[in-house]
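Working through the structure, step by step
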Amino acid sequence: MPSEITRLFDFPYYQLETYNLSKALITKYDGKWESLSTKEYIAQANTISRGLLRLGVQPNDKIAVISTNNRTEWNVCDIGILQTGAQNVPIYPTISKEDYEYILNHSEATYCFVSDETILEKLNQIKANTKLKDVFTFDAIAGEKSWKEVLTLGEDESNQNEVEDRKNAVTSDTLATLIYTSGTTGKPKGVMLSHRNIVSNVLSSELRVPLTYGQEKALSFLPVCHIFERMILYLYQYCGVSIYFAESIEKLSENAQEIKPNVMTAVPRLYEKIYDKIYAKGTELTGIKKKLFFWAIELGLKYEPYGANGWWYEKQLGLARKLIFSKWQAALGGELKLMVSGSAPLQPRLTRVFAAAGMPVMEGYGLTETSPVISVNDVRNGGFKIGTVGRIIKDVEVKIAENGEILVKGPNVMIGYYKDQEKTAEVLKDGYFHTGDKGEVSEDGFLKITGRTKEMFKTSGGKYVIPPLLEGELKQSRFIEQVMVIGEGEKMPAAFIQPNFEFVREWASRHQITLGNNADLITNPKVIERIQEEVDNCNQHFGKWEQIKRFELTPDEWSIDAGHLTPTMKMKRNVIKEIYADLYDKIYKP
């Protein structure tokens, strides 16, 4: 019988006993995929542990890891750090140097591993203001200390018994990691997750994994500093899945065609981009090919699981899969059995069309504070329902409060916020974590998210408006990339809309409309008129008091770098409102 898993570093050892993969972790270096076997993975992790002990790392020390992309080294360092009883503090690569400084100081990190020169450059600007003793790089950078120096320090195995002692001292309740949430307001909070928190979540989520263990390949590209992808990587290790790390988001399709993955995870924004690219290619077709393409899409948008649309629909779908959707699959390697989505709501149209294409996206729900999974769809046993985030996973309890807020209890709920008892007490009450999300559970056990308690506002007329509901409806439109509903304390709801510039330009060329730059595009009367149609269509689904009466188009793409979005692609509402203060005044102070 394989060993019991109670701590995160038990996963690779379990994999060795159960599957012993020849390719456990695979990264591309200089154009060539290079792999570590399970055995080599464990050997390197132990070498890192021994090296860290020789650097004087003590139990409960904090070691930061900042990586631009997912890679083998991250995972080796993760296990190596955890085995010493220290904590891994992953940091988002894209945040500001000021946030680097805040997190490093708040966590009191003593060492830091970084992936490349860009991050090192940013880190070096604030390093003197921190308690960092040393920084080690994954890429070879002239004049800098490489992570290989830690491996060299650990080559001598004479202190392995000390590593074993440290491992034995780590219990399931030991703190494993501090994950700083990319808050939409204020300073990041350090979420304290124990080994038990994450291990329990992996073992409960595993029951929703419809893969053949020990034989599948995964493509990993979501930032591993986020708990969603990190938990998934432990889950892959537990299920004997070979993990390939994509070079970048831009090379996702190319990497997928090279390795032919069976599973991958993404956030809705990436599924939208994949769909938009496919759609754009379809518009370039001519004649019968173009007609067939759009017939298949129309069919896909009506998709219902488990043959609910009847035999004639299924017959047509079979033909569409053969003629059109098989090419979609080929673009992502042709072997995908499963895609998982988390972090933000997935548009039902995407859920339908990808499932119709034979690449079902299983949407789940969770938060950093819940390690993260609370619920997830599973295509097996009737466990897939479009428009929901699936059934609640094993050992997790969900209660809906009187105000509709989702409350969660279970072994996956965090210890608390690091050095912040006040904020911890605000969200952990009577054993339940208060998520801040609103939802409902159907009679057949499916959880549906209906909004955010904090994002709900009142107009000056005293009527409640729930922005995420309106935003979700508007984002079903191909013309709209991002939208933020505004109007708190004002006489009516309105919206800032960032058009899907690529699609709008393609639409304009089809209708012989000439567009200049983005500033020209957003003032074009025909574009405004067309987007008004989308807003009118959305308004039909809502009461008069919550309908969007006015909107303004924004000239730039909302992004992480420009400050509109958090690293997990959530809107920074206060920041967006500030950026477009002139548009706000145009709407409410004409």
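See the structure shown above.
Attention here is on the structure that accompanies the text. Residue positions are counted from 1 within each chain, in the order its sequence is given. The predicted origin of the model limits local features to residues at a pLDDT of at least 70 and limits the giving and counting of side-chain atom pairs to 80 or more, whereas totals for whole chains, interfaces and linings rest on all residues. Remark: hydrogens and water are excluded; side-chain values derive from all non-hydrogen atoms of the structure.

1. Concerning the overall build of the protein
Within the protein one finds 21 helices and 26 strands. For the protein, whose C-alpha radius of gyration is 25 Å, the value lies close to the compact-globule estimate of 25 Å for 590 residues. Overall size of the protein, expressed as C-alpha extent along the three principal axes, is 75 × 55 × 50 Å. Partly exposed describes any residue whose relative accessible area lies between the buried limit of under 20% and the exposed limit of over 50%, with all areas from a 1.4 Å probe on protein chains only and scaled to the type maximum. Burial analysis of the protein (590 residues in total) assigns 56% to the buried set. Numbering goes from the N terminus for both helices and strands, where a helix is a DSSP run of H or I of at least four residues and a strand is a run of E of at least two. Atoms considered for the radius of gyration are the C-alpha atoms alone. The globule rule reads 2.2 Å times the number of residues to the power 0.38.

2. Some thoughts on the environment of Tyr-234
Mapping Tyr-234 onto the fold places it in helix 9 (residues 227–238). Judged by relative accessible area, Tyr-234 falls into the buried class, the value being 2%. Once the C-alpha coordinates of Tyr-234 and Phe-9 are considered, the two residues, 225 residues apart in sequence, prove to be 9.2 Å apart. What makes two residues a contact is simply this: any of their non-hydrogen atoms within 4.5 Å. The residues touching Tyr-234, leaving out its near neighbours within four places in the chain, are Leu-8, Phe-11, Asp-78, Leu-82, Ile-198 and Val-202. At a separation of 2.6 Å, a polar atom in the side chain of Tyr-234 contacts the side chain of Asp-78. Between N or O atoms, a polar contact is any pair within 3.5 Å; within protein, one atom must be a potential hydrogen donor and the other a potential acceptor, and residues adjacent in sequence are included only when both atoms are from side chains.

3. Section: unusual backbone geometry
Most peptide bonds are trans, and most residues other than glycine sit at a negative phi. The peptide bond linking Ser-371 to Pro-372 adopts the cis configuration, its omega dihedral lying at -10 degrees. Relative to the elements of secondary structure, Pro-372 occurs in the loop between strand 13 (361–366) and strand 14 (373–376). Even without a glycine there, the phi angle at Asn-381 is positive, about 50 degrees. Mapped onto the secondary structure, Asn-381 falls in the loop between strand 14 and strand 15 (391–392). Of note in the backbone geometry, Lys-419 takes a positive phi value of approximately 55 degrees without being a glycine. Within the secondary structure, Lys-419 sits in the loop between strand 18 (416–417) and helix 15 (421–427). Residue classification places Lys-419 among the partly exposed residues on the basis of a relative accessible area of 47%.

4. Points about the sheet that holds strand 24 (residues 480–486)
The strands making up a sheet are joined through hydrogen bonds of the backbone, oriented either antiparallel or parallel. What makes two strands pair is DSSP finding at least two bridges between them. Pairing in this open sheet of three strands is mixed, and the strands run 24-25-26 from one edge to the other. Here the strands that pair on one side only, and so sit at the sheet edges, are strand 24 and strand 26 (550–553). Across the sheet, the axes of successive neighbouring strands diverge by a mean angle of 25 degrees, strand direction being ignored. Bridging between strand 24 and strand 25 (residues 494–499) involves six bridges; their strand directions are antiparallel. The residue bridging Ile-480 from the neighbouring strand is Pro-499, located in strand 25. To define axes, lines are fitted to C-alpha atoms, for helices over the stretch in contact only, and angles between the resulting N-to-C directions are given on a 0 to 180 degree scale.

5. So, the nonpolar core
In plain words, nonpolar cores are sets of buried Ala, Val, Leu, Ile, Met, Phe, Trp, Tyr and Cys residues tied together by side-chain atoms within 4.5 Å. Formed by 146 residues in total, the largest nonpolar core has its most connected members in Phe-113, Tyr-271, Trp-328 and Phe-354. Ranked by the residues each element gives to this core, the list is headed by helix 9, at nine residues. Of all hydrophobic cores here, the second largest spans 25 residues; its members include Tyr-100, Leu-104, Val-114 and Val-135.

6. As for the pattern of salt bridges
Here, a salt bridge means any side-chain nitrogen of Lys or Arg that lies within 4 Å of a carboxyl oxygen of Asp or Glu. The final tally for this structure, using the stated rule, is 27 salt bridges. Residues Glu-73 and Arg-71 are paired through a salt bridge, measuring 3.0 Å at the closest nitrogen-oxygen approach. Of the residues examined, Glu-73 reaches a relative accessible area of 5% and is grouped as buried. Residue Arg-71 is classed as buried on the basis of its relative accessible area, which comes to 7%. Of the charged contacts in the structure, one is a salt bridge between Lys-145 and Asp-134, with a shortest N-O distance of 2.9 Å. Linking Lys-145 in the loop between strand 6 (134–137) and helix 6 (147–153) with Asp-134 in strand 6, this pair joins segments that are 11 residues apart in sequence.

7. What to know about the packing of aromatic side chains
In this scheme Phe, Tyr and Trp rings, the latter by its six-membered ring, pair at centre separations within 6.5 Å, and the angle between planes marks the pair as stacked below 30 degrees, edge-to-face above 60, and tilted otherwise. Summed over all chains, the structure comprises 23 aromatic pairs. With 5.9 Å between their ring centres and 20 degrees between their planes, Phe-11 and Tyr-234 make a pair best called stacked. Of this pair, Phe-11 sits in helix 1 (residues 10–18) while Tyr-234 is found in helix 9, placing the two residues 223 residues apart along the sequence. Residues Phe-11 and Tyr-234 agree in their burial class; the two are buried.

8. Describing helix 3 (residues 72–83)
A helix is expected to reach a length of 1.5 Å times the quantity of its residues less one. Here helix 3 is 12 residues long and its end C-alpha atoms lie 17 Å apart, about the 16 Å a rise of 1.5 Å per residue gives. Counting buried positions over the 12 residues of helix 3 gives 12, a clear majority of the element. Within the sequence span of helix 3, burial applies to Thr-72, Glu-73, Trp-74, Asn-75, Val-76, Cys-77, Asp-78, Ile-79, Gly-80, Ile-81, Leu-82 and Gln-83.

9. Side note on helix 5 (residues 117–124)
Looking at helix 5, one finds that the buried residues are Ile-119, Leu-120 and Leu-123. Axial view of helix 5: buried residues confined to an arc of 100 degrees, hence all on one face. Projecting away from the buried face of helix 5 at angles above 90 degrees are the exposed residues Glu-117, Thr-118 and Glu-121. Those residues of helix 5 hidden inside the fold are in contact with strand 3 (62–66), helix 4 (97–107), strand 5 (111–114) and strand 6. Two to three positions downstream of the cap, the backbone nitrogen of Thr-118 sits 3.0 Å from a side-chain oxygen, assigning the N-cap of helix 5 to Asp-116. Our arc is simply the arc of the directions from the helix axis toward the C-beta atoms.

10. Some thoughts on the sheet that holds strand 14
The sheet built from nine strands is open, its strands ordered 2-1-10-9-11-12-13-14-15 with mixed pairing. Edge positions in the sheet fall to strand 2 (32–36) and strand 15, since each has one partner strand and no second. In the packing of helix 2 (residues 38–54) onto the sheet, contacts are made with strand 1 (25–29) and strand 2, and the angle to strand 2 comes to roughly 75 degrees. Its contacts with the sheet put helix 11 (residues 268–283) on strand 11 (263–266), strand 12 (338–341) and strand 13, and the angle it makes with strand 11 is roughly 110 degrees.

11. Observations concerning the side chain of Glu-206
Tracing the chain through its elements places Glu-206 in the loop between helix 8 (195–205) and strand 9 (217–220). His is not counted here, nor are the chain ends, while Lys and Arg score as positive and Asp and Glu score as negative. The side chain of Glu-206 sits in the buried core without any salt bridge; Arg-380 is the nearest counter-charge, 7.2 Å away. With sequence-adjacent residues up to four places away left out, Glu-206 is seen in contact with Tyr-213, Leu-235, Tyr-238 and Cys-239.

12. Concerning the pairing of strand 9
In the sheet, strand 9 pairs with strand 10 (residues 242–245) via four bridges, with the strands oriented parallel. Bridge pairing in strand 10 places Ser-220 opposite Phe-245. The β-α-β motif built from strand 9, the intervening helix 9 and the parallel element strand 10 has right-handed crossover chirality. Strand direction decides the pairing type here: strand 9 and strand 11, joined by two bridges, are parallel. We call a crossover right-handed when, viewed with both strands directed away from the observer, the connection leading from the first strand over the helix to the second proceeds clockwise.

13. Things to note about the packing of helix 11 against helix 14 (residues 348–356)
Two elements in contact, helix 11 and helix 14, have axes whose closest approach is 11 Å; the angle formed by their N-to-C orientations is 60 degrees. As summarised for this structure, helix 11 and helix 14 are arranged oblique, according to the angle between their axes. Crossing angle aside, the handedness with which helix 11 passes helix 14 is left-handed. Contacts between helix 11 and helix 14 involve Pro-268, Tyr-271, Glu-272, Ile-274 and Tyr-275 from the former and Arg-349, Leu-350, Val-353 and Phe-354 from the latter. Residues are grouped as follows: Ala, Val, Leu, Ile, Met, Phe, Trp, Tyr, Cys and Pro are nonpolar; Asp, Glu, Lys and Arg are charged; every other residue, Gly included, is polar. Taken together, the residues that form the contact of helix 11 with helix 14 break down as seven nonpolar, no polar and two charged. Each angle gets one of four labels, with under 35 degrees taken as roughly parallel, over 145 as roughly antiparallel, 65 to 115 as roughly perpendicular, and the rest as oblique. When the near helix sits turned anticlockwise from the far one by under a right angle, the crossing is termed left-handed; a clockwise turn instead gives a right-handed crossing.

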